[in-house]
Amino acid sequence: MPEAPRAAENSVVSENNKKVLQFIEEVTTNADEVQKSVLAEILTQNAHVEYLQRHGLNGHTDRDTFKKIMPAITYEDIVTDITRIANGDKSQILCSQPISEFLTSSGTSGGERKLMPTIEEELARRSQLYSLLMPVMSQFVPDLEKGKGMYFLFIKSEAKTPGGLPARPVLTSYYKSPHFKNRCPDPYTNYTSPNETILCSDSYQSMYSQMLCGLCQNKEVLRVGAVFASGFIRAIRFLEKHWPLLCHDIRARTINPQITDPSIREAVMKILKPDPKLADFVETECSKDSWQGIITRLWPNTKYIDVIVTGTMSQYIPTLDYYSNGLPLVCTMYASSECYFGVNLNPLCKPSEVAYTLIPTMAYFEFLPVHRNNGVTNSISMPKSLNEKEQQELVDLVDVKIGQEYELVVTTYAGLYRYRVGDVLRVAGFKNNAPQFNFICRKNVVLSIDSDKTDEVELQNAVKNAVTHLMPFDAHVTEYTSYADTNIIPGHYVLFWELNVNGSTPVPPSVFEDCCLTIEESLNSVYRQGRASDKSIGPLEIKVVESGTFDKLMDDAISLGASINQYKTPRCVKFAPIVELLNSRVVSCYFSPKCPKWVPGHKQWNNMN
């Protein structure tokens, strides 16, 4: 008799999974019809908005007229409209529905986060995409509803625009929404972390309490994860540093006095029980010399790690493999501040083979073919604005070709029209009539540790600002390159500088430290937040290399087939032998002495009275 409720619950889960999988079948089979309908719905809802009127769409809702009249745009093309809305203009500028908040993109414009408009109904659309994930996963990993997920989820700082609208990251918006906080009981959203621990803005208290709850429920954990691979590794490194305190709390049913948030203390005390045996077990495992396989040792029933390991996050795969003894690394979904896009229908594939199926109901999707001059660039540079011929190259969702790379372009319900997201995707195959894409890279990005994205122009400008410190010593940088060092957590930017020193006075170490800090101060607000607030990025490092190092780098590149006429020093290196060569010629190292300045919100808002 006691089994009846469980059986009934399983039956409901099974029925819901069938409905979800059927929905995916239908929308991918009828992908073009769904897309046509989505575009017509968006254009009908927003027929009278100022932006569409300005371009002369005049109420047309058909695809052909839309594609003929509306230009493909970047953020700079609508920044004036965004600023008006942010400053409090409530007229229908981009969207007929009120803009409820801005989602702050990890990409930047002028060094500040981009502001993506959103509306209330988008929360339901994002929630719908989340609802697809576990039914897909349960086809590959059975019985996930019988345990819990240990996910390290965090909110980030938010600001208010001068007009009073919230401006915050998309995940912070979602975690703070009723869709997440008041979600219906669902075995798939049964997490070890109480909402209160996720919604705490103090990153130490949040991490500590989430880890404590995860350890207390270690036998129930069937899957673990975070949003990005970097975030999950940070959680493991946190455990490495704080396990004695955590063991003490488990043994005595106490909560460390540093956890001062009363709502967290109350929520954690409901889970915490005095458990000396568990404390001894955690202590024994964490005291061992090697932390290889620590995830499967402490959470023995874990079946996979759910984190993003595509794009720049792939640099963390070896570390995850080490800590987990090679558990499957699962990338479940593809999303951004602009729009949620799609899901991975083959979640147990290798990270290098991850392909996302775009769900045609999410937005109207178009694709701009990417033509590369060579395949060895770390980032792909693309024109800011498109000429008429390039504009005509845009293709619809069902018309992309396998093997071709494209830049993603979206039209959303919240007021973005033919907006170039900046992601480069390669078509890997099809699910029925809907294409599946490998994520290749973010255009123009050369350096990234966490959610930061630094491009070559920004790096060049930062170095230019820094080298002024060398002038009094008659020294200058003859060549430089960089790489993202993730061997220690948090990872940090490393710049290799080759110098020409003509002055008689050696450059003091404090001057190089000033150079490090100037570079950090010159980088965008996402980087500075990662350093100053989130602590997800470590201090920037300058490594001075011996004279002739970059000539040696060029010789090696030419010996591998590069053209001497076309060779130019790469501003970012990832190829391990090149990094080894540079490191072998380092003569001195310097770190940024403190965090760069950062405050929530855009610089211009903070300067307003």
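Residues numbered from 1 in each chain as written. Predicted model: local features only at pLDDT ≥ 70, side-chain atom pairs only at ≥ 80, totals over all residues. Heavy atoms only, no water.

### Considerations on the overall build of the chain
Put simply, the rule reads: The numbering of helices and of strands both runs from the N terminus, where a helix is a DSSP run of H or I of at least 4 residues and a strand a run of E of at least 2. When we talk radius of gyration, it's over C-alpha atoms, and the globule rule is simply 2.2 Å times the number of residues to the 0.38. Relative accessibility under 20% of the residue-type maximum defines a buried residue, over 50% an exposed one, and the middle range a partly exposed one, all with a 1.4 Å probe and only protein chains included. For this analysis, residues touch if any pair of their heavy atoms sits within 4.5 Å.
Each helix and strand in the chain was counted, giving 22 helices and 22 strands. By the compact-globule yardstick of 25 Å for 609 residues, the chain fits well, its C-alpha radius of gyration being 25 Å. Once the C-alpha set of the chain is aligned to its principal axes, its extents read approximately 90 × 70 × 55 Å. For the chain, buried positions account for 54% of its 609 residues. Excluding contacts between residues fewer than 6 apart, the proportion of contacts in the chain whose partners are at least 24 apart in sequence is 72%.

### Let's talk about the packing of aromatic side chains
Centre-to-centre distance and the angle between the planes together describe a pair of aromatic rings. Formally: Only the six-membered ring of Trp is used, alongside the rings of Phe and Tyr, when aromatic pairs are assigned; centres must lie within 6.5 Å, and planes under 30 degrees apart are stacked while those over 60 apart are edge-to-face, with the rest tilted. Over a ring means this: the NZ of a Lys or the CZ of an Arg is within 6 Å of the ring centre and within 35 degrees of the ring normal.
This model, assessed by the stated rule, comprises 22 aromatic pairs. Ring geometry for Tyr174 versus Tyr175: centroids 6.1 Å apart, planes at 55°, classification tilted. Here Tyr174 falls in the buried class, since its relative accessible area comes to 9%. On the basis of relative accessibility, which here comes to 6%, the residue Tyr175 falls in the buried class. Look at Tyr204 and Tyr208: their rings are 6.0 Å apart centre to centre, the planes differ by 25°, and that puts the pair in the stacked class. Taken together, the positions of Tyr204 and Tyr208, both in helix H10 (residues 203–216) and four residues apart, correspond to about one turn of that helix. Taken together, the ring pairs connect Tyr130, Tyr174, Tyr175, Phe180 and Tyr340 into an aromatic cluster. The ring of Tyr413 is capped by Arg125, whose NZ or CZ atom sits 3.6 Å from the centre of that ring. The side chain of Arg183 reaches across the aromatic face of Phe180, ending 4.2 Å from its centre.

### Side note on the side chain of Ser592
Our working definition: Nitrogen and oxygen atoms within 3.5 Å of one another constitute a polar contact, given that in protein one can donate a hydrogen and the other can accept it, and given that sequence-neighbouring residues count only through two side-chain atoms.
Turning to its location among the elements, Ser592 is positioned in the loop between strand S22 (586–591) and helix H22 (603–606). Within polar-contact distance, the side chain of Ser592 engages the side chain of Glu520 at 2.6 Å. Polar contacts involving the side chain of Ser592 include one to the main-chain carbonyl oxygen of Lys594, which spans 3.2 Å. Contact partners of Ser592, with chain neighbours within four places excluded, come to Glu513, Cys516, Leu517, Glu520, Arg531, Pro539 and Leu540.

### Let's talk about the sheet that holds strand S9 (residues 333–335)
Sheet strands associate in pairs through backbone hydrogen bonding, adopting either a parallel or an antiparallel arrangement. For the record, the criterion: Pairing between strands is defined by DSSP: at least two bridges between them are needed. Only the stretch in contact is used when a helix axis is fitted, and all axes are lines through C-alpha atoms; the angle between N-to-C directions ranges over 0 to 180 degrees.
Overall, antiparallel pairing links the eight strands, which are arranged S9-S10-S11-S16-S15-S14-S12-S13 in an open sheet. Edge positions in the sheet fall to S9 and strand S13 (395–396), since each of these pairs with one other strand and no more. Note: strand S12 (residues 364–369) against S13, two bridges, orientation antiparallel. Within the sheet, the bridge partner assigned to Phe367 lies in S13 and is Val395. Contacts between helix H6 (residues 120–138) and the sheet are confined to S9 and strand S10 (340–343), with S10 contributing the most and set at about 10° to the helix.

### A short note on the nonpolar core
Where we set the bar: Take the buried Ala, Val, Leu, Ile, Met, Phe, Trp, Tyr and Cys residues and link them wherever side-chain atoms come within 4.5 Å; each set so joined is a nonpolar core.
Counting residues in hydrophobic clusters, the biggest one holds 150 residues, and the most contacted among them are Phe232, Ile295, Phe365, Leu408, Leu470 and Trp497. Examining the composition of this core, we find that 11 residues originate from one element, helix H11 (residues 229–252), more than from any other. Not counting the four nearest positions on each side in its chain, Leu470 is found in contact with Ala475, His476, Val477, Trp497, Leu499, Val507, Val511, Phe512 and Cys515. Listed in part, the 16 residues of the second largest apolar core include Met134, Leu153, Ile155 and Leu222.

### Some remarks on the pairing of strand S15 (residues 419–431)
In the sheet, strand S14 (residues 405–411) pairs with S15 via five bridges, with the strands oriented antiparallel. Across the sheet, the residue bridging to Val410 is Tyr419, located in S15. The pairing of S15 with strand S16 (residues 434–442) spans eight bridges and is antiparallel. Bridge pairing links Asp423 to Arg442 in S16. Taken together, S15 and the strand that follows it, S16, pair antiparallel across an intervening segment of two residues, in which Asn432 is found at a positive phi of about 55°.

### Let's talk about the sheet that holds strand S20 (residues 492–501)
Across the sheet, which stays open at both edges, the four strands sit in the order S19-S20-S21-S22 with mixed pairing between neighbours. The outermost strands of the open sheet, each flanked by one partner alone, are strand S19 (475–485) and S22. Taking the axes of each pair of neighbouring strands and ignoring which way they run, one obtains an average angle of 25° across the sheet. One ladder, built from 10 bridges, connects S19 with S20; its direction is antiparallel. When the sheet's bridge partners are listed, Asp485 is paired in S20 with His492.

Bear in mind that shape data such as this cannot, by itself, settle questions of function.
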